Amino acid sequence: MAEDGRAPKLRLGGMALRNGLLVHGPTSWCVAVRNRAGEIEVTTGRKPVFSRGRLGRIPLLRGPLRLAEAVAVLPLARLRSRSARLPYEDPRVVVTAAGVVAASSAARRLARGHATREAIVGVLGLLPALAALRDRELAAYHGAEHKAIGAYESGGRAADEPKEHRRCGSNLLVPMVALSVAGQVAVERWVEKPTALHRGIASLLSTGAAVELFAFAERRPDAPLSRAVHGTGHEIQRLISTREPTPEQLAVAEAAVEELLRVEGEAADRDGDDPQPERA
């Protein structure tokens, strides 16, 4: 319990969809979308958990496991909510992703210098997400997600909350690209003949390090490194990845958060304990 006797706030995460959003908490997920008839459809389910126990406490491994939990929700949510449209369900995004694969392969063969080659590959990897965000609806639902979660955390009104959020995955982009480049360069320099296994391990460790940096920035927001992480993430959100939602879009986000909290409360009652905030 919190010091004032109230239950601690749950740590909520989410993802914008093309016609709504997905939010998730410690045990459950909820999808809320506006269907073609203009009605709000809400679907919930249990969240896969990979980070429980000892594995969830190992630095550099706990971060990728929690990211895997968030990714694993997507196919479950898509199967349960037939009206939901995921960010990458767009021909432009599919074509961009295919082009990125081809361009990355060419860059690895032709670019000179390990750092230059890996930097090109890292930047290319961002292009599918940028292609998805050309959809104004997606960016607006991203902003709605932040406002609804921010209102739950602050106790205020969603309409008054900023469309940027300190815990947004945008804060991970620059650290992940930078650490991925550093990891792959290290593999090239330290391993005589790198294999897919070597590169995979380097990618896992780089992702883990980026998530640890993300968590550090949340714990110590006034540290210079934390301000750099939050500053770049905030600008990405402000300029690219979010837009101000309409009242109709915000209503979808509020419905998602409200239903998720209801389901999490039922899970706590069923399990005989209060749901605890997820840790970064």
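Reading guide: rules and limits
Residues numbered from 1 in each chain as written. Predicted model: local features only at pLDDT ≥ 70, side-chain atom pairs only at ≥ 80, totals over all residues. Heavy atoms only, no water. Pairing = 2+ DSSP bridges. Helix = DSSP H or I, 4+ residues; strand = E, 2+ residues; numbered from the N terminus. Salt bridge = Lys/Arg side-chain N within 4 Å of Asp/Glu carboxyl O. Buried < 20%, exposed > 50% of the residue type's maximum accessible area, 1.4 Å probe, protein only. Core = buried A, V, L, I, M, F, W, Y, C linked by side-chain atoms within 4.5 Å. Contact = heavy atoms within 4.5 Å. Expected span 1.5 Å × (residues − 1). Arc of directions from axis to C-beta. Polar contact = N/O pair within 3.5 Å; in protein donor to acceptor, adjacent residues only side chain to side chain. Axes fitted to C-alpha atoms, helices over the stretch in contact; angles between N-to-C directions. Parallel < 35°, antiparallel > 145°, perpendicular 65-115°, else oblique. Nonpolar A, V, L, I, M, F, W, Y, C, P; charged D, E, K, R; others polar. Left-handed = near helix turned anticlockwise from the far one by under 90°.

S.K.: Outline the pairing of strand β4 (residues 40–46), supporting the account with residue identities and numerical values.
M.R.: Moving residue by residue along a regular strand, the side chains alternate between the two faces of the sheet. Relative to β4, strand β3 (residues 28–34) runs antiparallel, the two sharing seven bridges. Considered in β4, the bridge of R34 is made with I40.

S.K.: So what about the pattern of salt bridges? Which residues, and what values?
M.R.: Overall, the coordinates contain 14 salt bridges when judged by the stated rule. Ionic pairing is found between D90 and R92, a salt bridge with its closest N-O pair at 3.0 Å. With relative accessibility at 11%, the residue D90 sits in the buried group. In this structure, R157 and D160 form a salt bridge, with 2.9 Å as the shortest nitrogen-oxygen distance. Of the two residues, R157 and D160, neither departs from the other in class, the shared state being exposed.

S.K.: Could you give me a rundown of the nonpolar core, with the residues and numbers involved?
M.R.: L12, L21, V23, A256 and V257 are the most contacted members of the largest nonpolar core, which totals 24 residues. When residues of this core are traced back to their parent elements, those giving at least two are β2 (20–24), β3, α4 (127–132), α5 (136–154) and α9 (247–271). The element best represented in this core is α5, accounting for seven residues. For A256, the residues in contact, after removing those within four places along its chain, are L21, V23, C30 and A32. Core analysis: the second largest hydrophobic core is formed by 10 residues, W29, V73, A84 and L86 among them.

S.K.: Before we move on, can you summarise helix α6 (residues 170–190) with the specific residues and values?
M.R.: An α-helical segment advances 3.6 residues per turn. Residues three or four places apart therefore align on the same side. Taking 1.5 Å per residue as the helical rise, α6 with its 21 residues ought to reach 30 Å, and the 31 Å between its terminal C-alpha atoms agrees with that figure. Those residues of α6 that sit buried are S170, N171, L172, P175, V181, G183, Q184, V185, A186, V187 and E188.

S.K.: Requested: an account of unusual backbone geometry, with residues and values cited.
M.R.: Most peptide bonds are trans, and most residues other than glycine sit at a negative phi. Although it is not a glycine, L60 sits at a positive phi angle of roughly 75 degrees. Mapped onto the secondary structure, L60 falls in the loop between β4 and α1 (62–80).

S.K.: If you had to explain helix α2 (residues 91–110) to someone new, which residues and values would you point to?
M.R.: Relative to the 28 Å expected for 20 residues at 1.5 Å per residue, α2 spans 28 Å between its end C-alpha atoms, a close match to the ideal helical length. Every buried residue of α2 is listed here: V93, V100, S104 and A107. Here the buried residues of α2 occupy an arc of 65 degrees about the axis, which is enough to place them on one side. Of the residues in α2, the exposed ones pointing more than 90 degrees away from the buried face are P91, V94, V95, V101, A102, R109 and L110. A side-chain oxygen of the first residue of α2 lies 2.8 Å from the backbone nitrogen of R92; this N-cap is D90.

S.K.: Can you lay out the environment of E41 for me, pointing to particular residues and giving the numbers?
M.R.: Counting through the fold element by element, E41 comes out in strand β4. Apart from residues no more than four positions distant in its own chain, E41 is found in contact with V31, A32, V33, N35 and S83.

S.K.: Summarise the packing of α1 against helix α7 (residues 196–219); cite the residues concerned and give the values.
M.R.: Interaxial distance between α1 and α7 falls to 7 Å at its minimum, and their mutual angle equals 90 degrees. The angle between α1 and α7 places the two elements in the roughly perpendicular class. Residue-level contacts link R62, G63, P64 and L67 of α1 to L204, T207, G208, V211 and E212 of α7. Its residues placed into classes, the contact of α1 with α7 shows four nonpolar, three polar and two charged.

S.K.: Now, about the environment of N19: what can you tell me, with residues and values included?
M.R.: Mapped onto the elements of the fold, N19 is located in the loop between β1 (13–16) and β2. With a relative accessible area of 14%, N19 lands in the buried category. As a C-alpha pair, N19 and Q249 span 230 residues in sequence and 8.5 Å in three-dimensional space. Residues in contact with N19, not counting those within four places in the same chain, are A32, V33, R34, S83, A84, R85 and Y141. Reaching out from N19, the side chain makes a polar contact with the backbone nitrogen of R85 at a distance of 3.1 Å.

S.K.: Explain the packing of α5 against α9 to me, using residue names and the numbers behind them.
M.R.: It is the contact of α5 with α9, at a shortest axis distance of 8 Å, that shows an interaxial angle of 45 degrees. By the angle between their directions, the pair α5 and α9 is classed as oblique. Seen along the crossing, α5 lies across α9 with a hand that is right-handed. Within the contact between the two elements, α5 uses E137, A140, Y141, A144, E145, K147, A148, I149 and Y152 and α9 uses Q249, L250, V252, A253, E254, V257 and L261. Along the lines of polarity and charge, the residues of the contact of α5 with α9 split into 11 nonpolar, one polar and four charged.

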